[in-house]
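Coordinate inspection notes
What follows is the residue order along each chain.
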Amino acid sequence: MKKIAIVSIIDDDAFFQFSTKKTLELSNKVEHILQFHDGEEAIQYFLENKDEPDKIPDLVFLDLDMPYMDGWQFLDKFMVNDFKKELITIYICTFSTSKFDLDRVSNYPVLKGYLIKPINKADFFEKLEKELENDSLLD
């Protein structure tokens, strides 16, 4: 069975972290799950491993509203760095329905979608299936 090598959850909400991890595990479509509680922790990991593509997530679920470094700040740092991994897909996962946030998405070509919380299991499974269609993500 095809699986996505690494999926990352970047969110300060413990319940979202827990429920998303369980959903990903239940999908049986993910090899490894990396969890970060804010953008700063996540970007440090990305930068420390930027030359090792097998340690960089293939798919990222990113919250916008976090302490220390929010999702937009994470994306700003992410965009100015060159990661050796050919394809990294990022989905915003947020409660925000503000027009300002929705309009900002177009400034970040790496973003593949904007998911409004709460996100149901079917939506996560759909995103996983989309990623599995790209052979470069497979283990």
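Before reading further, recall that the structure is shown in the block above.
Computed from a prediction, not measured in an experiment: that's the story for all the values here.

With respect to the packing of aromatic side chains
According to the stated counting rule, one finds 11 aromatic pairs in the structure shown. Seen from their ring centres, Phe 46 and Phe 74 are 5.6 Å apart, and the 80 degrees between their planes marks the pair as edge-to-face. Taken together, the residues Phe 46 in helix 2 (residues 39-48) and Phe 74 in helix 3 (residues 71-79) connect sequence positions 28 residues apart. In this pair, the class of Phe 46 matches that of Phe 74, namely buried. Relative to Phe 124, the ring of Phe 61 lies with its centre 5.0 Å away and its plane at 85 degrees, an arrangement referred to as edge-to-face. Note that Phe 61 is positioned in strand 3 (residues 59-62) and Phe 124 in helix 5 (residues 121-132), a separation of 63 residues in sequence.

Looking at the pairing of strand 1 (residues 4-10)
Within strand 1, seven of the seven residues are buried, which leaves the element mostly enclosed by the surrounding structure. Of the strand pairs in this sheet, strand 1 and strand 2 (residues 30-36) are connected by six bridges, and their pairing is parallel. Residue pairing in the sheet places Ser 8 in a bridge with Leu 34 of strand 2. What joins strand 1 to strand 2 is helix 1 (residues 14-27), and the crossover it makes is right-handed.

A word on the side chain of Ser 8
Summarising the element assignment, Ser 8 is placed in strand 1. Here Leu 34 takes part through its backbone oxygen, which lies 3.3 Å from a polar atom of the side chain of Ser 8. The contacts of Ser 8, once residues within four sequence positions are left out, are Leu 34, Phe 36, Pro 57, Leu 59, Val 60 and Phe 61.

Observations regarding the nonpolar core
Residues Leu 62, Phe 74, Leu 75, Phe 78 and Ile 90 are the most contacted members of the largest nonpolar core, which totals 24 residues. With four residues, helix 3 is the largest single contributor of residues to this core. Look past the residues within four positions of Phe 78 in its chain and what remains in contact with it is Ile 43, Phe 46, Phe 83, Ile 88, Ile 90 and Val 110. Counting residues in hydrophobic clusters, the runner-up holds 15 residues, among them Ile 4, Leu 24, Tyr 91 and Phe 124.

Thoughts on the pattern of salt bridges
A full pass over the atoms with the stated rule returns 10 salt bridges. The residue Glu 129 makes a salt bridge to Lys 29 at a minimum N-O spacing of 2.4 Å. A residue pair is termed long-range when its members are at least 10 positions apart, and Glu 129 in helix 5 and Lys 29 in the loop between helix 1 and strand 2 qualify at 100 residues. Glu 129 sits in the partly exposed class, given a relative accessible area of 36%. With a closest N to O distance of 2.9 Å, Asp 103 and Lys 99 form a salt bridge. Placement of the pair is Asp 103 and Lys 99 together in helix 4 (residues 99-104), with a separation of four residues, close to one helical turn. Judged by relative accessible area, which is 42%, Asp 103 ranks as partly exposed.

Criteria and thresholds
- Residues numbered from 1 in each chain as written.
- Predicted model: local features only at pLDDT ≥ 70, side-chain atom pairs only at ≥ 80, totals over all residues.
- Heavy atoms only, no water.
- Phe/Tyr/Trp six-rings, centres within 6.5 Å; stacked < 30°, edge-to-face > 60°.
- Helix = DSSP H or I, 4+ residues; strand = E, 2+ residues; numbered from the N terminus.
- Buried < 20%, exposed > 50% of the residue type's maximum accessible area, 1.4 Å probe, protein only.
- Pairing = 2+ DSSP bridges.
- Right-handed = clockwise from strand over helix to strand, strands pointing away.
- Polar contact = N/O pair within 3.5 Å; in protein donor to acceptor, adjacent residues only side chain to side chain.
- Contact = heavy atoms within 4.5 Å.
- Core = buried A, V, L, I, M, F, W, Y, C linked by side-chain atoms within 4.5 Å.
- Salt bridge = Lys/Arg side-chain N within 4 Å of Asp/Glu carboxyl O.

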